[in-house]
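Listed here are the chains, written in short residue letters.
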Amino acid sequence: MQATSLQRTALATAFGLVGLLVAGALAPRWLTSLATLALANGLVSLGIVVMMRCGAVPFGQGLVFAAGGYAAALVFNKAGITDIVLLATLGGVAGCAVAAPFAPLLARYRGIFFAMLTLALSMVLYGLLMKTEALGGSDGFNVGRATLFGWKPPDAAAHYVLWAVTAAIACGLAGLMRVYFDSQRGLLSLGVRENELRVEYLGTSVPQIVAVNYIVAAALGGVGGALAVLALGHIDPNFSYWTTSGEFVFVAILAGHHSVIAVLASSLLLELVRSFSSAYFPNTWQLALGLFLLLVIRFLPDGLGSLLGRLPALRRRAA
């Protein structure tokens, strides 16, 4: 990647973070809390986008989402480690540790076989969590308020501190993913999606690319799980349930694989649509979400991220 591209990515990341921090300071508390959860979930969907770029869509990211969440919650309650940044890091490590043994096996499969295998792994973990009383069983357990480098924020500022740290982590990881997408391995991932045989002729191992992408996606999912637990203050086996994984896929399809920003924006959009649909259409909010996704697929088949690619052409036409 050229230095100018790196500079643009760094500037975009910095400006995005500043914008999020200002928006969080001006927004009402309920919206800030909702956006915090949206960014945490958006990181999991960003991991799915990493896999989409190499032609494999995991339907079981609840596996690493729950692994990161439970790891952070257990360390918080049992070891007394309450730092947000450290807990998020531990969540990412837990996600990688859970996914790494399965990565070589999953890298051999594509399409529905890959999707169903990842879903099966997620549901196996769900069953184990439901039966394990030491982890709270079906009810799960609560998590207290996190700290930041030893400082415990006051009640009035706790939600904004969590938002600020979550925004910083999300922007940092989004910037790294943008760099990864533009790197040689990231571009080869697109080649794997289009024609695996040609990539093999170039001397690159396709299973290795898929396996590495799966572990990267697992790290993002684990970080997202840890941040989601801190935002909710509670964890239960539903973190690994198939409907939770389906929501992450929903966001990834909504955003498309062209833009990193679109993934986080789509996650926030999903939370807003679900929140208002639940308030005004409590019995049919799933229908509203389904119709919304159908409209996006119909008019933006490449996702909301494709709009960013159309902006230069629209500007030229306007000029």
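Bear in mind the structure is a predicted one, so any value in this text is a computation, not a measurement.

### What about the overall build of the protein?
Here's step 1: Counting its regular elements, the protein contains 14 helices and two strands.
Here's step 2: For 319 residues, the compact-globule estimate of 2.2 N^0.38 gives 20 Å, and the C-alpha radius of gyration of the protein, at 19 Å, lies within 12% of that figure.
Here's step 3: When each of the 319 residues of the protein is scored for burial, the buried share is 48%.
Here's step 4: Look at the contacts in the protein between residues 6 or more apart in sequence, and 79% of them connect residues 24 or more apart.
Here's step 5: Here the protein displays about 15,300 Å² of accessible surface, and carbon together with sulfur accounts for 68% of that area.
Here's step 6: Within the protein, one finds 19 positive and 12 negative side-chain charges whose respective centroids are separated by 9 Å.

### Let's talk about helix α4 (residues 84–99)
Here's step 1: Between the first and last C-alpha of α4 there are 23 Å, a value that for 16 residues agrees with the 22 Å anticipated at 1.5 Å per step.
Here's step 2: For α4, every residue scored as buried is listed here: I84, L87, A88, G91, G92, A94, G95 and A99. Take α4 and look down its axis: the buried residues cluster within an arc of 160 degrees, on one side only. In α4, those exposed residues whose orientation departs by more than 90 degrees from the buried face are V93 and A97.

### A closer look at the packing of aromatic side chains
Here's step 1: Using the criterion set out here, one finds seven aromatic pairs in the structure.
Here's step 2: Look at F65 and F239: their rings are 4.7 Å apart centre to centre, the planes differ by 10 degrees, and that puts the pair in the stacked class. You can see F65 sitting in helix α3 (residues 62–79) and its partner F239 sitting in the loop between β2 (234–235) and α11 (242–255), a full 174 residues away along the chain. Taken as a pair, F65 and F239 share a single burial class, namely buried.

### Thoughts on the packing of helix α7 (residues 155–182) against helix α10 (residues 206–232)
Two numbers describe a pair of packed helices, the interaxial angle and the distance between the axes.
Here's step 1: Look at α7 against α10: their axes get within 11 Å of each other, and the N-to-C directions meet at 170 degrees. The angle between α7 and α10 falls in the class roughly antiparallel. Residues L162, T166, I169, L173, M177 and Y180 of α7 lie in contact with α10, whose contacting residues are V212, N213, V216, L220, V223, L227, L230 and A231.
Here's step 2: Considered class by class, the residues forming the contact of α7 with α10 number twelve nonpolar, two polar and no charged.

### Comments concerning the pattern of salt bridges
Think of it this way: side chains of opposite charge can pair up when their charged atoms draw near.
Here's step 1: According to the stated counting rule, one finds five salt bridges in the structure shown.
Here's step 2: One salt bridge in this structure joins D155 and R145, with 2.5 Å as the shortest N-O distance. In this pair, D155 sits in helix α7 while R145 sits in the loop between β1 (141–142) and α7, placing the two residues ten residues apart along the sequence.
Here's step 3: The salt bridge partner of R274 is E247, with a shortest N-O separation of 2.6 Å. One end of the pair, R274, is in helix α12 (residues 260–280); the other, E247, is in helix α11, and 27 residues separate them in sequence.
Here's step 4: In this structure R274 comes out as buried when scored by relative accessible area, which is 16%.
Here's step 5: For E247, a relative accessible area of 28% translates into the label partly exposed.
Here's step 6: A network of salt bridges, in which partner residues are shared, links E247, E271 and R274.

### Comments concerning the environment of L190
Here's step 1: For L190, the position within the fold is in helix α8 (residues 184–194).
Here's step 2: Along the primary structure L190 and M51 are separated by 139 residues, whereas in three dimensions their C-alpha atoms are 9.9 Å apart.
Here's step 3: Sequence-distant contacts of L190, defined by excluding residues within four places in its chain, comprise R53 and H257.

### Details of the nonpolar core
Here's step 1: In this structure, M51, M177, Y214 and L227 are the most contacted members of the largest nonpolar core, which totals 77 residues.
Here's step 2: Take this core: its biggest share by element is 14 residues, from α10.
Here's step 3: Apart from the residues lying within four places of it in its own chain, the contact partners of L227 are A40, L43, I84, A88, T166 and I169.
Here's step 4: Counting nine residues, the second largest nonpolar core, distinct from the first, contains L270, L289, L293 and L300.

Cut-offs and rules
Residues numbered from 1 in each chain as written. Predicted model: local features only at pLDDT ≥ 70, side-chain atom pairs only at ≥ 80, totals over all residues. Heavy atoms only, no water. Helix = DSSP H or I, 4+ residues; strand = E, 2+ residues; numbered from the N terminus. Rg over C-alpha atoms; globule rule 2.2 N^0.38 Å. Buried < 20%, exposed > 50% of the residue type's maximum accessible area, 1.4 Å probe, protein only. Contact = heavy atoms within 4.5 Å. Areas by Shrake-Rupley, 256 points an atom, 1.4 Å probe, with all protein chains shown as cover. Lys, Arg positive; Asp, Glu negative; His and termini not counted. Charge placed at Lys NZ, Arg CZ, Asp CG, Glu CD. Expected span 1.5 Å × (residues − 1). Arc of directions from axis to C-beta. Phe/Tyr/Trp six-rings, centres within 6.5 Å; stacked < 30°, edge-to-face > 60°. Axes fitted to C-alpha atoms, helices over the stretch in contact; angles between N-to-C directions. Parallel < 35°, antiparallel > 145°, perpendicular 65-115°, else oblique. Nonpolar A, V, L, I, M, F, W, Y, C, P; charged D, E, K, R; others polar. Salt bridge = Lys/Arg side-chain N within 4 Å of Asp/Glu carboxyl O. Core = buried A, V, L, I, M, F, W, Y, C linked by side-chain atoms within 4.5 Å.

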